[in-house]
Amino acid sequence: MSRNNGSPAVITQWVEEHCGEITEWEANTRYNFDYYLELNFLKEAIKEIEIFLEKNGLTEQLDIRITEDVKRKILQRMPSKAAPKSNLEWNVYYRVFSKK
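Since we're looking at a predicted model, the values are computed, not measured.

1. Here's the deal with the overall build of the protein
Assigned secondary structure in the protein consists of five helices and zero strands. Element order for the protein, N to C, with α for helix and β for strand: α-α-α-α-α. Taken over 100 residues, the protein has a buried fraction of 28%. The contacts of the protein with a sequence gap of at least 6 include a subset with a gap of at least 24, amounting to 66%. Accessible surface computed for the protein: about 7700 Å², of which carbon and sulfur atoms make up 53%.

So, in structure tokens, the structure goes:
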């Protein structure tokens, strides 16, 4: 979704190097609840995902560029049921639609 809308997301090296494991983890945990990952990998993954989110401005603090006018423009592009409910969601949608 982000790439299709021209979002300039920065993929960290760790995320890029582990994308296969992350995809497999997501697929396996969705269909096999007994799937087990080592605790150290999970701790590292959480830390690296936090770095990824922070590097891309995807935090709980609302981006200062998101004004009421920007919010209105974002809402015009979305179904009313999908309206952002938190600062993190506003930040995500701002980055997805910022190039349009």
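Once the structure has been displayed, the description carries forward.
2. A few points about the packing of aromatic side chains
Within a pair of aromatic rings, the relevant descriptors are the distance that separates the centres and the angle that separates the planes. For the structure on display, the rule yields two aromatic pairs. Over the ring of W90 we find K71, and its NZ or CZ is 5.1 Å from the ring centre.

3. Description of the packing of helix α4 (residues 68-76) against helix α5 (residues 87-97)
Where α4 meets α5, the axes come as close as 10 Å, and the angle between the chain directions of the two elements is 70°. Looking at the two axes, α4 sits roughly perpendicular to α5. Contacts between α4 and α5 pair V70, K71, I74 and L75 from the former with W90, Y93, Y94 and F97 from the latter. Here the residues of the contact of α4 with α5 are counted per class, giving seven nonpolar, no polar and one charged.

Calculation criteria
- Residues numbered from 1 in each chain as written.
- Predicted model: local features only at pLDDT ≥ 70, side-chain atom pairs only at ≥ 80, totals over all residues.
- Heavy atoms only, no water.
- Helix = DSSP H or I, 4+ residues; strand = E, 2+ residues; numbered from the N terminus.
- Buried < 20%, exposed > 50% of the residue type's maximum accessible area, 1.4 Å probe, protein only.
- Contact = heavy atoms within 4.5 Å.
- Areas by Shrake-Rupley, 256 points an atom, 1.4 Å probe, with all protein chains shown as cover.
- Phe/Tyr/Trp six-rings, centres within 6.5 Å; stacked < 30°, edge-to-face > 60°.
- Lys NZ or Arg CZ within 6 Å of the ring centre and 35° of its normal.
- Axes fitted to C-alpha atoms, helices over the stretch in contact; angles between N-to-C directions.
- Parallel < 35°, antiparallel > 145°, perpendicular 65-115°, else oblique.
- Nonpolar A, V, L, I, M, F, W, Y, C, P; charged D, E, K, R; others polar.

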